[in-house]
Each structure stands twice: as structure tokens, then as C-alpha cells.
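Breakdown of the fold
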Amino acid sequence: MKYLWFNSFLILFATCLVIICNFEKSSIINVYYASNLYICNINKDPSITSPNIIIKKVIGTHISMSHKNVEGFYSDSISFKIHYIPHGVHNFFPKFVLIYINNGRVKEIHQNDLVNYPKLKYLDLDENDSSN
Ligand SMILES: *[C@@H]1O[C@H](CO)[C@@H](O)[C@H](O)[C@H]1NC(C)=O
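Residues numbered from 1 in each chain as written. Predicted model: local features only at pLDDT ≥ 70, side-chain atom pairs only at ≥ 80, totals over all residues. Heavy atoms only, no water.

An unreviewed UniProt entry lists the protein chain under the name Lipoprotein, from Polypedilum vanderplanki.

And the structure:
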């Protein structure tokens, strides 16, 4: 019994993640087709190297907006490992419509990944590692 508890604690710990953002307007970055969205420009490598990772917390300084205004994720760093789509985003960002992960080397997208983004309009995963 003790062992079981310890084991589930470890799993919980290992599959939760904190995202650190620079919150900004997409007009000043490279998302020309979805300009003027309020986005989280991911600021530190979240190292998402296994599927079904749940976002536990999102950190970053808002100027005059808040988490409820955030409409997308943006990442364009070759050194960031974003191999899978994280889950739990709708708990923080009810208006979420954009995922832009360039150079994250996304390997796979599963159907249950996208359930987490019921309002998603733009999915841009250039320089991914998917084989199709
Ligand atoms: C995956 O990457 C290739 C090559 O960069 C690109 O053509 C394709 O549109 C990408 N897939 C998605 C879903 O963005």
C-alpha cells in the first residue's frame, strides 16, 4: 500500500509541468496569419519529451491583461524540446486558438491532445519530427 502511494506520487510529479511565458501580442512576432493575438511566448525550455504531460502552472508577467486573455502558445527556439502537445491548457486559457511551435521537433500528435484545445484555429508545427 505504501509502495503504491509512493509510486503514484512519483508519476504525478513527473508528468506535471510549469510553463514560463513572455506574454505579448503576436503582431510583433512571426505569426502573420493570426496577428494581434495575445500569446504566451514560451521563454524557457519546457522539455516536453513524453506524451500526456499536464501543465500545472503558467508563469509570466502580464501588462494589462490576464491568463483569461491568452490566445496561444508561441515557440521558435531550436534549443527547446517540445516533442508532444501538452495537456491542461484549457484550465488556464479559455480563449486559446493558436499553437505555433517552430523548431520544437514535435514527434506525434494524438487525438486526445487536441481535446485540450476545443477552440483551436491555428496549428503550426514547422520543423517537426513527424513522419507523415
Ligand atoms: C511538419 O513539418 C513539415 C516540414 O517543416 C511541414 O511541412 C508540416 O506542415 C508540419 N506539420 C504541421 C502540422 O505543422
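Resuming the write-up.
1. Points about the sheet that holds strand β2 (residues 38–42)
Applied cut-off: Here a strand pair is declared whenever DSSP counts at least two bridges between the two strands. In this text, helices come from DSSP runs of H or I with a minimum length of four residues, and strands from runs of E with a minimum of two, each type numbered from the N-terminal end. The axes are straight lines fitted to the C-alpha atoms, using for helices just the contacting stretch, and the angles between their N-to-C directions are given from 0 to 180°.
Strand order in the open sheet formed by 6 strands is β3-β1-β2-β4-β5-β6, with mixed pairing between adjacent strands. The open sheet has two edge strands, β3 (54–59) and β6 (122–124), and neither has a second partner. Neighbour-to-neighbour, the strand axes of the sheet open up by a mean angle of 30 degrees, direction not taken into account. Summarising the sheet, strand β4 (residues 72–75) and strand β5 (residues 98–101) pair through 4 bridges and their orientation is parallel. The residue bridging Ser-75 from the neighbouring strand is Ile-101, located in β5.

2. Section: the site of the ligand
Put simply, the rule is: Proximity is defined per residue: any heavy atom of the residue falling within 4 Å of a molecule or strand makes that residue near it. For this analysis, a polar contact is any N or O atom pair within 3.5 Å, provided that within protein one partner can donate a hydrogen and the other can accept it, and provided that sequence-adjacent residues contribute only side-chain to side-chain pairs. Per-residue accessibility takes into account occlusion by the displayed protein chains alone, with areas from the Shrake-Rupley method and a 1.4 Å probe.
For the ligand, the full set of nearby residues is Asp-124, Leu-125, Asp-126, Glu-127 and Asn-128. Backbone polar atom of Glu-127 to an oxygen atom of the ligand: 3.2 Å apart, as the coordinates give it. Asn-128 is positioned such that a nitrogen or oxygen atom in its side chain is 2.3 Å from an oxygen atom of the ligand. Calculation on the ligand without its partners gives an accessible area of 360 Å², and the protein chains cover 49% of this total.

3. A word on the nonpolar core
To keep it simple, the criterion reads: Side-chain atoms within 4.5 Å are what join buried Ala, Val, Leu, Ile, Met, Phe, Trp, Tyr and Cys residues into a set we call a nonpolar core. The buried label goes to any residue with under 20% of its type's maximum accessible area, the exposed label to any with over 50%, and the partly exposed label to all in between, with areas taken from a 1.4 Å probe on protein chains only.
If you look at the biggest cluster of nonpolar residues, it comprises 26 residues, and the most contacted ones within it are Ile-19, Phe-23, Cys-40, Ile-55, Val-58, Phe-73 and Phe-93. The set of elements that each furnish at least two residues to this core consists of β1 (16–25), β2, β3 and β5. With 4 residues, the single largest contributor to this core is β1. Ala-34, Ile-39, Leu-98 and Tyr-100 belong to the second-largest nonpolar core, a separate cluster that totals 8 residues.

4. A short note on the side chain of Asn-103
For the record, the criterion: The contact definition used throughout considers only heavy atoms, calling two residues in contact when any of these lie within 4.5 Å.
In this fold, Asn-103 is placed in the loop between β5 and α2 (111–114). The buried category is assigned to Asn-103, whose relative accessible area is 15%. Residues in contact with Asn-103, not counting those within four places in the same chain, are Asp-76, Ser-77, Ile-78, Phe-80, Asp-126 and Glu-127.

5. Side note on the packing of aromatic side chains
Selection criterion: Working definition: rings of Phe, Tyr and Trp (its six-membered ring) pair if their centres are within 6.5 Å, and the pair is stacked with planes under 30 degrees apart, edge-to-face with planes over 60 apart, and tilted otherwise.
Enumeration according to the criterion identifies 9 aromatic pairs in this entry. Summarising the aromatic geometry, the rings of Tyr-74 and Tyr-100 are spaced 4.7 Å apart at their centres and angled 10 degrees between planes, so their arrangement reads as stacked. With Tyr-74 in strand β4 and Tyr-100 in strand β5, the pair connects residues that are 26 residues apart, well separated along the chain. No difference in accessibility class separates Tyr-74 from Tyr-100, as the two residues are buried.

6. What about the environment of Asp-124?
With respect to the element layout, Asp-124 can be found in strand β6. For the pair Asp-124 and Ile-99, spaced 25 residues apart in sequence, the C-alpha to C-alpha distance is 6.1 Å. If we ignore the near neighbours within four places in the chain, the residues touching Asp-124 are Tyr-33, Ile-99, Tyr-100 and Ile-101. Only 2.8 Å separates the side chain of Asp-124 from the side chain of Tyr-33, close enough to count as a polar contact.

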